[in-house]
Amino acid sequence: MPGGAVALVVAAGRGERLGSQGPKAFVTVAGRPMLEWSIEALRASPGVSEIVVALPAGAAPPDGVTAATGGETRSESVRNALAAATDGEAQVVLVHDAARPLLTAGMVADCLDALESGGGWDGAIVAAPVSDTIKRAPDGQAVAETLDRNELWAVQTPQVFRRAVLERALDAPPEVLAAATDDAMLVEGAGGRVRVVEARHANPKVTTPEDLALAAQLLGAG
Ligand code: CTP
Ligand code: MG
């Protein structure tokens, strides 16, 4: 249905820390390519009108999605994917890392609902309260500060934004895009109001081989 949310899945990373043969998004996890788990959840989401995937050069897109070419950095992959979207009526954009295969339609609905929860939000991002005590040690040794854990959230994807706000935020110089570790950071930097949405279940990012084993276990059990 046109006019829903456009979902952008960024899958163009090399997966250097995982150390796999091919790109990380195509590594098999619990019986299928990692990317397919996220695509399935997005297909099952009534609020999503189009799925765009930013892919590594030469990779074949999953059936029924719009393909985009990945960029040098994650933010450039997001920008390329948004530019490739064909649903011009969609006013909301969801961004998701293919490296988080535990995505569910429930989690997608939670952040789309939160965006419209009143309060004039420009963005709503899935996050988990931190359970560790977090300290700053800028030189890698001396502790400079202990942060108040009660205020801290570990941020994940999906993240949803008003389309015009995200487009403006992504219209930034390459060095700003390269420094951004998520899209909300760019939106915040442009003055946007972003809220957190508590993750309703475990949603780890696959970075290392240990993470891959954990994700496979969680998906296999689900
Ligand atoms: N990503 C992307 N384009 C890039 C870099 C990253 O689409 N130029 C995507 C990855 O495919 C992943 C997500 O952004 O789904 C989060 O990135 P990360 O976990 O760092 O994945 P990789 O960059 O692939 O891994 P690494 O940093 O270990 O190489
Ligand atoms: Mg990376």
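Residues numbered from 1 in each chain as written. Chains lettered and ligands numbered in written order. Predicted model: local features only at pLDDT ≥ 70, side-chain atom pairs only at ≥ 80, totals over all residues. Heavy atoms only, no water.

K.L.:
How should I be thinking about the pattern of salt bridges in this particular structure?
P.N.:
Close approach of charged atoms allows side chains with opposite charge to pair. Scanning the entire structure with this criterion turns up eight salt bridges. One salt bridge connects Glu16 with Arg14, and the closest N-O pair in it is separated by 3.1 Å. A salt bridge links Glu40 to Arg32; the shortest N-O distance between them is 3.5 Å. When salt bridges with common partners are traced through the structure, they connect Arg74, Asp97 and Asp183 into a single cluster. (Salt bridge = Lys/Arg side-chain N within 4 Å of Asp/Glu carboxyl O.)

K.L.:
For this particular structure, what's the right way to read the packing of helix 2 (residues 74-84) against helix 4 (residues 163-170)?
P.N.:
Packed helix pairs are characterised by how far apart their axes lie and by the angle those axes make with each other. Two numbers describe how helix 2 lies on helix 4: the axes approach to 10 Å, and their chain directions differ by 130 degrees. Considered as vectors, helix 2 and helix 4 are oriented oblique to each other. Helix-helix and strand crossings are classified by hand; for helix 2 and helix 4 the assignment is left-handed. Counted together, Ser75, Val78, Arg79 and Leu82 of helix 2 and Arg163, Leu166, Glu167 and Leu170 of helix 4 form the full contact between these two elements. In terms of residue class, the contact of helix 2 with helix 4 is made up of four nonpolar, one polar and three charged. (Axes fitted to C-alpha atoms, helices over the stretch in contact; angles between N-to-C directions. Helix = DSSP H or I, 4+ residues; strand = E, 2+ residues; numbered from the N terminus. Parallel < 35°, antiparallel > 145°, perpendicular 65-115°, else oblique. Left-handed = near helix turned anticlockwise from the far one by under 90°. Contact = heavy atoms within 4.5 Å. Nonpolar A, V, L, I, M, F, W, Y, C, P; charged D, E, K, R; others polar.)

K.L.:
Explain the nonpolar core here, please?
P.N.:
Side chains of a nonpolar character, in soluble globular proteins, are inclined to be buried together. In this structure, Val9, Leu35, Leu42, Ile51, Val53 and Val160 are the most contacted members of the largest nonpolar core, which totals 30 residues. Elements with a contribution of two residues or more to this core: strand 1 (5-10), helix 1 (34-43), strand 4 (48-55), strand 6 (92-97), helix 3 (105-115) and strand 7 (123-129). At six residues, the largest contribution of residues to this core is made by helix 3. If near-sequence neighbours (up to four positions away) are discounted, Leu35 is found in contact with Val9, Ala11, Ala25, Phe26, Val53, Leu55, Pro62 and Ala98. Counting residues in each nonpolar core, the second largest holds 25 residues, with Leu8, Ala54, Leu170 and Ala180 among its members. (Core = buried A, V, L, I, M, F, W, Y, C linked by side-chain atoms within 4.5 Å. Buried < 20%, exposed > 50% of the residue type's maximum accessible area, 1.4 Å probe, protein only.)

K.L.:
What should I look at first to understand the packing of aromatic side chains in this one?
P.N.:
One pair of aromatic rings is described through two measures. These are the centre distance and the angle between the planes. Overall, the coordinates contain zero aromatic pairs when judged by the stated rule. Stacked on the ring of Trp37, the Lys or Arg Arg32 has its end atom at 4.0 Å from the ring centre. In this structure, Arg193 packs its charged tip against the face of Trp121, placed 4.3 Å from the ring centre. (Phe/Tyr/Trp six-rings, centres within 6.5 Å; stacked < 30°, edge-to-face > 60°. Lys NZ or Arg CZ within 6 Å of the ring centre and 35° of its normal.)

K.L.:
Would you mind showing me how to read the site of ligand 1 here?
P.N.:
Around ligand 1, the structure places 18 residues, and the nearest of them are Val10, Gly15, Glu16, Ser77 and Lys205. With respect to ligand 1, the backbone of Thr73 contributes an N or O atom lying 3.4 Å from a nitrogen atom. In the complex, the protein chains occlude 86% of the 560 Å² of accessible area that ligand 1 would expose alone. Of all the cavities here, the one that holds ligand 1 is the largest pocket. (Near = heavy atom within 4 Å. Polar contact = N/O pair within 3.5 Å; in protein donor to acceptor, adjacent residues only side chain to side chain. Areas by Shrake-Rupley, 256 points an atom, 1.4 Å probe, with all protein chains shown as cover. 1 Å grid on protein atoms, 1.4 Å probe; cavity = no way out; pocket = protein on both sides within 12 Å on 5 of 7 lines; lining within 4 Å. Sits in = over half its atoms within 2 Å of the grid points.)

K.L.:
So what exactly am I meant to see when it comes to the side chain of Gln156 here?
P.N.:
Residue position: Gln156 is located in strand 10 (residues 153-162). Among the residues examined, Gln156 registers a relative accessible area of 11% and is labelled buried. Separated by 2.7 Å, the side chains of Gln156 and Asn203 make a polar contact. Apart from residues no more than four positions distant in its own chain, Gln156 is found in contact with Arg100, Val126, Ala127, Ala128, Ala199 and Asn203.

K.L.:
Help me understand unusual backbone geometry, please; the structure alone is not making it clear to me.
P.N.:
Keep in mind that most residues, glycine aside, have a negative phi and that most peptide bonds are trans. Residue Pro158 is reached from Thr157 by a cis peptide bond, and omega for that bond is 15 degrees. Mapped onto the secondary structure, Pro158 falls in strand 10. A positive phi angle, near 50 degrees, is found at Ala30, a position not held by glycine. In this fold, Ala30 is placed in the loop between strand 2 (28-29) and strand 3 (32-33).

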